[in-house]
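Residue strings, one per chain:
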Amino acid sequence: MKPRAKILIIAGSDSSGGAGIQADIKTVSALGGYAMTAVTAITAQNTTGVKSIVAIPPKEIANQIMFTANDIKPDAIKIGMLHSVEVIKQVISCLKKIKTKHIILDPVMVAKGGAKLINNKAIQFLEKQMIKHAYLITPNIPEAEVLSNMKINTPEDMIYAGSILINKGATNVLIKGGHLKGSFVRDVLINKKEIKVFKNKKINSKNTHGTGCTVSSAITTYLACGKTINKACELGIKYVNQAIGSKINYGKGHGPINHLTSVSINKEFK
Ligand SMILES: Nc1ncnc2c1ncn2[C@@H]1O[C@H](COP(=O)(O)OP(=O)(O)OP(=O)(O)O)[C@@H](O)[C@H]1O
Ligand SMILES: [Mg+2]
């Protein structure tokens, strides 16, 4: 098949391949997109945690974005780990030059094992300066709590926090509910016109490394292919759900999900 859309991913590298830029590339590819990348940081990590993080110089991140996008114009941009104010400033300046409507920001703050991926000044800067440039932001519960400055214990709290983020300038907010207890997972989509709750059975699995990166990249791909925000979220959540459900069991900690859930191999390549 020919790629259906071109996606530029701005994110950190996860050496274990389950999250970060690796999860993003796999997701975009598995859903028929063409993935390009600007690496913001290199992490040495595996399913048990993060060993070390090396930040890429902000100017070099901007070089990757602009040199790539000036040659192959992206239909959508997915943004993950941005660790400092200077990096965010550089990325915003690039976004203004590229002028792509579909900018999806996953405001990554903490890795599954607890490692901090962004400094405190950058969180404030992200909230005040970056959110308004995105078409969609996809915080998980702890990230939504930080950005909205409230505790989230129920789906109703998720809706309220989402409306706070809309008032702070976000266009669309999808709060991911993987961190709430209960037998169902609810992801809440909010914009000025509507509130939509996507409800799915919680899959009992320790292998959920990279679910957040995966769902936001899947939604980015669907938006780049022309789907509406509602449909893109519905299909993106369905994809991550199946990827969690197909249960590969790699590594000793929180293992990866199966990004190949949507792929079948042609007979001639078997
Ligand atoms: N156990 C589960 N069963 C079904 N769906 C899940 C489960 N855990 C997470 N999801 C789905 O995965 C997506 C990501 O949600 P989650 O809240 O885990 O994001 P996240 O915390 O950003 O993930 P990450 O730890 O990768 O950063 C959401 O669409 C959520 O509904
Ligand atoms: Mg996340």
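Definitions and limits used
- Residues numbered from 1 in each chain as written.
- Chains lettered and ligands numbered in written order.
- Predicted model: local features only at pLDDT ≥ 70, side-chain atom pairs only at ≥ 80, totals over all residues.
- Heavy atoms only, no water.
- Helix = DSSP H or I, 4+ residues; strand = E, 2+ residues; numbered from the N terminus.
- Rg over C-alpha atoms; globule rule 2.2 N^0.38 Å.
- Buried < 20%, exposed > 50% of the residue type's maximum accessible area, 1.4 Å probe, protein only.
- Contact = heavy atoms within 4.5 Å.
- Areas by Shrake-Rupley, 256 points an atom, 1.4 Å probe, with all protein chains shown as cover.
- Lys, Arg positive; Asp, Glu negative; His and termini not counted.
- Charge placed at Lys NZ, Arg CZ, Asp CG, Glu CD.
- Patch = residues over 30% accessible without salt bridge, like charges linked within 9 Å, V, L, I, M, F, W, Y side chains within 5 Å.
- Salt bridge = Lys/Arg side-chain N within 4 Å of Asp/Glu carboxyl O.
- Disulfide = S-S within 2.5 Å.

(A) Representation of the overall build of the chain within the structure. Looking only at helices and strands, one finds 8 helices and 9 strands in the chain. Here the C-alpha atoms of the chain give a radius of gyration of 17 Å, agreeing with the 18 Å that 2.2 N^0.38 yields for 270 residues. Projecting the C-alpha coordinates of the chain onto the three principal axes gives extents of approximately 50 × 45 × 40 Å. Here the chain, with 270 residues, has 53% of them falling under the buried criterion. Within the chain, residue pairs in contact and separated by at least 24 positions form 67% of the contacts whose partners lie at least 6 positions apart. Accessible surface computed for the chain: about 12900 Å², of which carbon and sulfur atoms make up 54%. Of note, the chain has its 37 positive side-chain charges centred 2 Å away from the centre of its 16 negative side-chain charges.

(B) Representation of a nonpolar patch on the surface in the model. A cluster of nonpolar residues, Leu260, Val263, Ile265 and Phe269, forms a patch on the protein surface that exposes about 430 Å² of accessible area. Relative to the elements of secondary structure, Phe269 occurs in the segment after α8 (229-245). Given a relative accessible area of 61%, Phe269 falls into the exposed group.

(C) Structural detail: the state of the cysteines. Here the structure, examined in full by the defined rule, presents 0 disulfides. No disulfide involves Cys233; its sulfur sits 14 Å from the nearest other cysteine sulfur, which is in Cys225.

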